[in-house]
Amino acid sequence: MGLEPEGFVEQGYGAVGDAFRRNFQDPGEDAAAVAVFHGGRLVADLWGGEDVVNRRPMPRDGLMMVASGSKGMTATVLAMLVQQGRIDPDERVGTYWPEFAVNGKERATVGMVASHTVGVPYPPLGTGLQGLDLHRGEAVTRALAAAEPLWEPGTAMAYHPVTYGTLLDEIVRRATGSTIASHVRRMVAEPLGVEMWMGLPAELDGRVVPGLWEQASPMAPTGEEDAEPGSYAARRLAFLRENPPMDPDFTDPQEVRAHYAAERPGIGAITNARALATMYAAVLGSVDGTRLVDESTLELALTPRTDDVETLIESGTAGPDIRFGLGYQLASPSMPGFGPSSFGHTGAGARLGIADTEHQVAFGYVCSRMRNIGPHGDPRWAALVEAIRGCL
């Protein structure tokens, strides 16, 4: 490994530090960090390894893009807006965004968007939009509003990797006058004193530790060539062929800056393990006097919304067996967490932020060596979760 991890673990949680160190040996890490809260108290905060792009040790204040871990932040903002009475998850999307209520989406609700059952997992083909413009801006918003769903909203579930954040951002903007990114700063990051951005200020670019795929990105357009024409699988493959994955070229500063600056509530948040764990701890209960979501709202947010509908195969970043409440990913074999009461969100490359209502534990993990999440999760965070469970 070469570089000894830094940070601290409270007495009684030494197994977490041991597991973190072992991860640098087998199955291997570059730069990584983990943070754990138990009962509203930070009990482990560790970082280590090497930023191989910038050739430096993992810094204490290092930041990482957490891909779909961003969806857990968006789910938290949505829960807080529901708690405030500013958004009703059972209200039709058209109430907030009238242009959306066309072409078979007239009865689609906010809850369907948040639970990946609305039937618009990708922007329509042929828009001419590319790269970041497929994730934010008036053009893609108009395209999504006019889109025909791939199934009747609410009758099936397939992970919406690209559109989840864009759709919810427009709903939130119409309902509140502010974007999800601004709510994350004002309602989550600033009250908790954590570093969490959807649209990173330029002066912080040098603190970002880039992630590198160890193998092909799970969004690469492979497989499913024999999918039935018009099916979800065929539509997914067609979109990925038209719009290959957009990993920034870390030798092009302008491209990197554009990615870091873009407000993408579904995939583009930049943060650290400490902030993820703090946010989820404050969803469970009070952290230094701040609680984000009350008990009744949390119960509503964690009520399963996809268990009784058909699940369409998604071989992408979130695992083949994903389940959802109101935006939060619920426990499943590919994201088992600490048990059935765990919730949160995975992120491409095996980033993870979760909490558990039974054990009152919150967990954040980030890594720069990115791997596809397998049917039983990622062995690195699985080892950390198992160590934490043994300490409780």
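On to unusual backbone geometry, then. One non-glycine residue, asparagine 103, adopts positive backbone phi at about 55°. Relative to the helices and strands, asparagine 103 resides in the loop between helix H3 (93-96) and helix H4 (110-114). The class of asparagine 103 is partly exposed, set by a relative accessible area of 41%. Non-glycine residue alanine 350 carries a positive phi angle of around 95°. You can see alanine 350 is positioned in the loop between strand E13 (342-347) and strand E14 (351-356).

What follows concerns the side chain of threonine 271. Relative to the assigned elements, threonine 271 resides in strand E9 (residues 270-271). Threonine 271 gets classed as buried once you look at its relative accessible area, which sits at 0%. In this structure the side chain of threonine 271 is engaged in a polar contact, spanning 2.7 Å, whose partner is the backbone oxygen of glutamate 195. Not counting the four nearest positions on each side in its chain, threonine 271 is found in contact with Gly62, Leu63, Met64, Val66, Met73, Glu195, Met196 and Leu276.

Taking 1.5 Å as the rise per residue, helix H12 (residues 379-391) with 13 residues should run 18 Å; its terminal C-alpha atoms sit 18 Å apart, in good agreement. Within H12 the residues assigned to the buried category are Arg380, Trp381, Leu384, Val385, Ala387, Ile388 and Cys391. Taken around the axis of H12, the buried residues stretch over an arc of 160°, which confines them to a single face. Residues of H12 that are buried sit in contact with helix H1 (14-23), strand E2 (31-38), E13, E14, strand E15 (361-367) and strand E16 (369-370).

With that out of the way, let us pick up the packing of aromatic side chains. The relative placement of two aromatic rings is captured by the distance of their centres and the angle of their planes. Per the stated rule, a full pass over the model turns up 7 aromatic pairs. Between tryptophan 97 and phenylalanine 100 the ring centres are 5.0 Å apart and the planes differ by 35°, which places this aromatic pair in the tilted class. For the pair phenylalanine 338 and phenylalanine 363, a centre-to-centre distance of 6.4 Å together with 80° between the ring planes defines the contact as edge-to-face. Of the two residues, phenylalanine 338 sits in the loop between strand E12 (329-330) and E13 while phenylalanine 363 sits in strand E15, which places them 25 residues apart along the sequence. With a relative accessible area of 0%, phenylalanine 363 lands in the buried category. Members of the aromatic cluster, each reached through a chain of ring pairs, are Tyr280, Tyr328 and Phe343.

The pairing of strands in a sheet happens through backbone hydrogen bonds and is either parallel or antiparallel. Spatial ordering of the open sheet is given by E5-E9-E7, a layout of 3 strands whose pairing is antiparallel. Among the strands making up the open sheet, the edge pair consists of strand E5 (64-65) and strand E7 (196-197). Looking at chain direction, E7 and E9 are connected through 2 bridges and run antiparallel. Bridge pairing in E9 places tryptophan 197 opposite isoleucine 270.

Next up on the list: the environment of arginine 235. Secondary-structure assignment places arginine 235 in helix H8 (residues 232-242). Look at arginine 235 and you get buried, because its relative accessible area is 13%. For arginine 235, the residues in contact, after removing those within four places along its chain, are Tyr122, Pro123, Pro124, Leu125 and Leu150.

So, on to the pattern of salt bridges. Oppositely charged side chains can form a pair if their charged atoms are brought close together. If you walk through the whole model with that rule in mind, you get 21 salt bridges. Ionic pairing is found between glutamate 99 and arginine 174, a salt bridge with its closest N-O pair at 3.0 Å. One end of the pair, glutamate 99, is in the loop between H3 and H4; the other, arginine 174, is in helix H6 (residues 164-176), with 75 residues separating them in the sequence. What makes arginine 174 partly exposed here is its relative accessible area of 32%. The partner of arginine 257 in a salt bridge is aspartate 205, with the nearest N and O atoms 2.7 Å apart.

Here isoleucine 267 is to be found in the loop between helix H9 (253-261) and E9. The contact partners of isoleucine 267, leaving out residues within four places of it in the chain, are Met65, Ala67, Ser68, Ser70, Lys71, His135 and Pro161.

Taking 1.5 Å of rise per residue, 13 residues should cover 18 Å, and H6 covers 18 Å from first to last C-alpha, within 8% of that figure. The buried fraction of H6 is high, at 10 of 13 residues. Tyr164, Gly165, Thr166, Leu167, Leu168, Asp169, Glu170, Ile171, Val172 and Thr176 are the residues of H6 that are buried. At the C-terminal side of H6, glycine 177 shows a positive phi close to 85°.

Conventions used here
Residues numbered from 1 in each chain as written. Predicted model: local features only at pLDDT ≥ 70, side-chain atom pairs only at ≥ 80, totals over all residues. Heavy atoms only, no water. Helix = DSSP H or I, 4+ residues; strand = E, 2+ residues; numbered from the N terminus. Buried < 20%, exposed > 50% of the residue type's maximum accessible area, 1.4 Å probe, protein only. Polar contact = N/O pair within 3.5 Å; in protein donor to acceptor, adjacent residues only side chain to side chain. Contact = heavy atoms within 4.5 Å. Expected span 1.5 Å × (residues − 1). Arc of directions from axis to C-beta. Phe/Tyr/Trp six-rings, centres within 6.5 Å; stacked < 30°, edge-to-face > 60°. Pairing = 2+ DSSP bridges. Salt bridge = Lys/Arg side-chain N within 4 Å of Asp/Glu carboxyl O.

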